[in-house]
Amino acid sequence: MFKRTIVAIGSMLIVLALGSCSGSSDSSPAGSRQFLSVGTAPPGGAFFIVGSALGEVLNEFKGENRWDVTSEATQGTMENIRRVSSGQLDFAMANAAITYFAVRGEAGWDRPYPMQSVMTLAPNVALFVTLRGSGLEDLASLKGNRIVVGPPGAGFEFFLRLILQAHGVTYEDFTPLNGNQLAAIDMLSDGAAAAAFLGGAVPTASITQVSSSQDVFFIPYEKAAMRELLANYTFFTETTIPAGTYRNQDEDFNGLNVGSMQFITSAEMDEDLVYRVTKCLYENRQSVLEKHAAGRAINPRNVVRDTGTEFHAGAIRYYREIGIWPEH
């Protein structure tokens, strides 16, 4: 009888212990180790650098959070959205313009994708760059030329077609070439392309690189076209590139934010996890800034800016907690 009692008590203790372990959720700082993935973009652009910086900061300042974060180079926003939706990525960098159409299932997306914003990051300031003396002085002069329009499958056409249309230009008016930003500056430098559409957070590595070795010209946007774009789409904003940002840039350039960088996740992602990720990044934003100037955009005014994609409940919870969420 005594032995049976001891065995019974021992069995109960084992069950209680197992129950205690299984009761720990991965969403809890004290739970099992989590492996989180962050989708970025191809090397050469700011998305890759900034996305990698966010992953590094989450690892460096995890505190009690039991996560290991890996940043992964991808083809960019379109791939990121699909892979976040399928659960292959947990978080990702995205262009706000592309996400805008993805969540609505418009402009070629086969269905609405349940993406939500964690934070609005730096403006994605993009423009057409050509070599000085090429004869390309406005967007209309792109017609009949070979133009690099971005990496294949990256989704630049979601905002680029709108920009061209506002200037009376279509993809059919020129020969579009695909390539990442590193390939684009090679094609521009060796004459394989007359102009290239380059951009990202300012300063953009590819523009810095090509302007350091070539005398480049930034093709201006028309004021009327910019007014039209700003009036019709929330993700477009007017942005100035200050004089001196790039070599031989003697004047401010009246640029266009073609869709801010966003840090996104699935609408189904655990609220507490998103809260803690948001808190970690915001509280350590200075460390992001040390890795890339885009860290300046993680500030009370910009980080909650509406670009047409709903914010995740976990992010809203943190922003309300620190008093920066705009209550409409």
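Going by the structure above, here's the rest.
Residues numbered from 1 in each chain as written. Predicted model: local features only at pLDDT ≥ 70, side-chain atom pairs only at ≥ 80, totals over all residues. Heavy atoms only, no water.

Draft legend 1. Representation of the overall build of the protein in the model. Of the regular secondary structure elements, the protein holds 11 helices and 12 strands. Expressed along its principal axes, the backbone C-alpha trace of the protein runs to roughly 100 × 35 × 35 Å. With 328 residues in all, the protein has 51% of them scored as buried. Just so you have it, the protein exposes about 14700 Å², and 52% of that area is on carbon and sulfur atoms. Each charge class in the protein can be summarised by its mean position, and for the 25 positive and 34 negative side chains these summaries are 7 Å apart. (Helix = DSSP H or I, 4+ residues; strand = E, 2+ residues; numbered from the N terminus. Buried < 20%, exposed > 50% of the residue type's maximum accessible area, 1.4 Å probe, protein only. Areas by Shrake-Rupley, 256 points an atom, 1.4 Å probe, with all protein chains shown as cover. Lys, Arg positive; Asp, Glu negative; His and termini not counted. Charge placed at Lys NZ, Arg CZ, Asp CG, Glu CD.)

Draft legend 2. Inspection of helix α5 (residues 157–166) at higher detail. Counting buried positions over the 10 residues of α5 gives 7, a clear majority of the element. Within α5, the full set of buried residues consists of Phe158, Phe159, Leu160, Leu162, Ile163, Leu164 and Ala166. Just beyond α5, the residue with positive phi is Gly168, at close to 75°.

Draft legend 3. Highlighting helix α11 (residues 313–321). Along α11, the residues classified as buried are Gly314, Ala315, Ile316, Tyr318 and Tyr319. Check the buried side of α11 and you find it contacts β4 (115–120) and α9 (271–283). Positive phi shows up at Gly323, right after α11, with a value of about 80°. (Contact = heavy atoms within 4.5 Å.)

Draft legend 4. Up close: the side chain of Asn284. Looking at where Asn284 falls in the secondary structure, it is placed in the loop between α9 and α10 (285–291). The contacts of Asn284, once residues within four sequence positions are left out, are Val57 and Phe61.

Honestly, it's all geometry; don't read function into it.
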